[in-house]
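Observations on the model geometry
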Amino acid sequence: MIKELIQRTLHNMGVEVDYVEVEIPKVQSQGDVATPVALGLAGVLRKPPRVIAQDVVSAIKEMTDSGLSAFDAIEVAGPGFINFRFKSDYLYEQLKRLYREREVCLRVDVGQGKRVLVEFVSANPTGPLHVGHGRGAALGSSLSNLLQSAGYTVEKEFYINDAGRQVRLLGQSVFAAYKNLLKNPTPFPEDGYRGEYVERIAEDIHATHGETCVDMDFEGCAQFFIDHSYKKMLQDIEASLETFGVHFDNWQSERILFDSGMVKHGIDNLREKGYIYEMDGATWFKSSALGDEKDRVIVKQDGQYTYFASDVAYHIMKIERGYDELINIWGADHHGYIPRVRAVLRAEGLQESRLTVLLVQMVTLLRDGKPVQMSKRAGEFITLKDVVEEIGADTTKFIFMTRRSDSHLEFDLEAAKKQSSDNPVFYVQYAYARINSVFRKAKETGVVLSRLHDDSLDLSCLNTEEELQIIKKLILYPLIFQGAVRSREPHRITFYLQELSAMFHPFYNKHRILTPDDNLTGARLLMCECISIVLKEGLRILGLTAPEWM
RNA sequence: GCCUCCUUAGCUCAGUAGGAUAGAGCACAGGAUUCCUAAUCCUGGGGCCAGAGGUUCGAAUCCUCUAGGGGGCACCA
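Notes on the structure follow.

Calculation criteria
- Starting from 1, residues in each chain are numbered consecutively following that chain's sequence as written.
- Naming scheme: in the order in which they are written, chains are lettered from A and ligands are numbered from 1.
- Per-residue local features are limited, in this predicted model, to residues with pLDDT of at least 70; the limit for side-chain atom pairs, both in listing and counting, is 80 or more; totals at the level of whole chains, interfaces and linings are taken over all residues.
- The side-chain values count all of the structure's non-hydrogen atoms but skip hydrogen atoms and water molecules.
- Only DSSP runs of H or I covering at least 4 residues are called helices, and only runs of E covering at least 2 are called strands; the numbering of each starts at the N terminus.
- Here a residue-residue contact requires only that any non-hydrogen atoms of the pair lie within 4.5 Å.
- One heavy atom suffices: a residue is near a molecule or strand as soon as one of its heavy atoms comes within 4 Å of it.
- The term polar contact refers here to a pair of N or O atoms within 3.5 Å; inside protein, the definition further demands a hydrogen-donor-capable atom paired with an acceptor-capable atom, and it admits residues adjacent in sequence only when both atoms are side-chain atoms.
- Amino acid classes used here: Ala, Val, Leu, Ile, Met, Phe, Trp, Tyr, Cys and Pro are nonpolar; Asp, Glu, Lys and Arg are charged; the rest, including Gly, are polar.
- The salt bridge criterion pairs a side-chain nitrogen of Lys or Arg with a carboxyl oxygen of Asp or Glu, the two atoms within 4 Å.
- Partly exposed describes any residue whose relative accessible area lies between the buried limit of under 20% and the exposed limit of over 50%, with all areas from a 1.4 Å probe on protein chains only and scaled to the type maximum.

**Some remarks on the environment of Ile24**
- Tracing the chain through its elements places Ile24 in the loop between helix 1 (2–12) and strand 1 (33–35).
- Along the backbone, Ile24 and Phe398 are 374 residues apart, and their C-alpha atoms lie at a distance of 25 Å.
- Beyond its immediate sequence surroundings of up to four residues, Ile24 is in contact with Asp32, Leu476, Leu479 and Ile480.

See below:
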């Protein structure tokens, strides 16, 4: 609201800005919200910032429709900040509005129906998910929730690498395990997958299909082993994600891209645009002309497509499906691929901003401070499922969501387990449960809850420092929300929820909510209801449960 | 060698689009419940924002260099 106000004011003064920074000052003496716009404009207008600030303040005061009634004070401070102080009546009004029109208040429409495709996890179906995938899953699903809440139309997609060497290697590994099981050993493939799950799949095949393949070589039954194995893994992956509370709208198969001719179509498409050439018997994509450091092979000398070929096709297909924005969440180890994928989009004439790649940094799994060695090939690792079973889905997600995605994460299992009794997630959930408990108590003791909807309910009794601070925090949620949406950082919501909870608990300890005074009780219940509305909304975005009892 | 991410309190991490006096949790020490859930609250100490330059009215934040750590640099996927 303040942003628009300032923007309009500046407009009237003949200055156009596309972004007005509004911040919440650290100390109360600096107002409830503040803006440093005047400082930024000092250079442009060639006037001292304090003078500009004063001009802005005067202009606001002259505007008839400025919503001046919302403020007790608008003042120039420090080097040229403009500090706003809310009138308490305005706070009460907004609190009532939040209570009545929660969705409108909380879900600011930033996206306006824009279609976004969020692709995440996309793990090779050659082994179980590990914690790193879990991090991507937590980010992807909460980001999707966040954007959806902000008015975007979001689709969540998992790209299945079911073509190519890796799934073949898995099939071959299972085949070897199967033969081994039947006492007809065959050499285990070099670089094969050695996990225990490989043996389980082999046992499963033995159980369902008997010994039919025991005398065959791999080529004789390759397709069967490959398909059976990766499908099994895919089921396992889907189940792990389900346990973790993450699900997808689409599962896009790489193989279908080949079978449906999309790969060929994609290459032809680039060829028409002049970005394909032949050299040394291979087919190249001229990505160096589009920002990549060198050209990339798409079809090898031996006629085989490279991995990148299907990636080209996949992204062209995404474009053709008509999304306004593509978001790819990748492990940081894929960062080298960004320029070549961007090159594809550029070749298609798409703006840079249409693709956002979010990199999720590595998770170092520790136990008692010591790194847990993990190798998919060697088959020694702790899976996402193991972690969720050991310390719980909410706690695990919260650990992910209290970090920026591009910072390295040390995940100590022992610490997490120890923490799981006093993990900050419970602090937030407990606040929610407590409020529910108060409402249960209120009903038991016959408090008339219909009062809360009553216009005559007077909130001016919410005048303690704690209450005013909480109300301000609540009505500034949209500011945090919009920042999180813009920067694609759901973790900002996590921190906000912790802060809000850290205001509620002291309030709860200091003041009684259910009092002999009916109006005061009503007012406090209304405020608590608003807190729980915001907590619930935030927890939902983060994919965490909001328990009514704890 | 080249590219990229990271380095903030004892530990794990925030720090919003360059803004005012750098924050939280954990850990540590002490205290609080006749009353709505003690998974709570209150009080306390803790910092060369890796280092050095630069840009600016103003830098943890932007640029350059240095040091340390992660990851990536295939006609592998």
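**Regarding the protein's contact with RNA strand B**
- RNA strand B sits among 64 residues. The nearest are Phe81, Tyr337, Arg403, Tyr430 and Arg486.
- The contact atoms of RNA strand B, taken as those within 4 Å of the protein, divide so that sugar and phosphate hold 59%.
- Between RNA strand B and Ser437 there is a distance of 2.3 Å, counted from a phosphate oxygen to a side-chain nitrogen or oxygen.
- Taking Leu514, its main chain carries an N or O atom lying 3.1 Å from a base oxygen of RNA strand B.
- Contributions of two or more residues to the surface near RNA strand B are made by helix 2 (37–45), strand 3 (81–86), helix 7 (165–181), strand 8 (282–285), strand 14 (409–412), helix 17 (424–444) and helix 20 (491–510).
- Sorting elements by how many residues they give to the surface near RNA strand B places helix 17 first, with 9 residues.
- Classifying every residue of the surface near RNA strand B gives 27 nonpolar, 18 polar and 19 charged.

**Here we look at the pattern of salt bridges**
- Across all of its chains, the model carries 33 salt bridges by this definition.
- Of the charged contacts, one joins Asp32 and Lys472 as a salt bridge, the two residues approaching to 2.8 Å between their closest N and O atoms. On the criterion of sequence distance, the pair formed by Asp32 in the loop between helix 1 and strand 1 and Lys472 in helix 18 (residues 465–475) is long-range, its members being 440 residues apart. Of the two residues, Asp32 and Lys472, neither departs from the other in class, the shared state being buried.
- A salt bridge links Glu157 to Arg321; the shortest N-O distance between them is 2.8 Å. One end of the pair, Glu157, is in strand 5 (residues 153–160); the other, Arg321, is in the loop between helix 12 (307–320) and strand 10 (325–331), and 164 residues separate them in sequence.
- In this structure Glu157 comes out as buried when scored by relative accessible area, which is 0%.
- Owing to a relative accessible area of 24%, Arg321 belongs among the partly exposed residues under this scheme.

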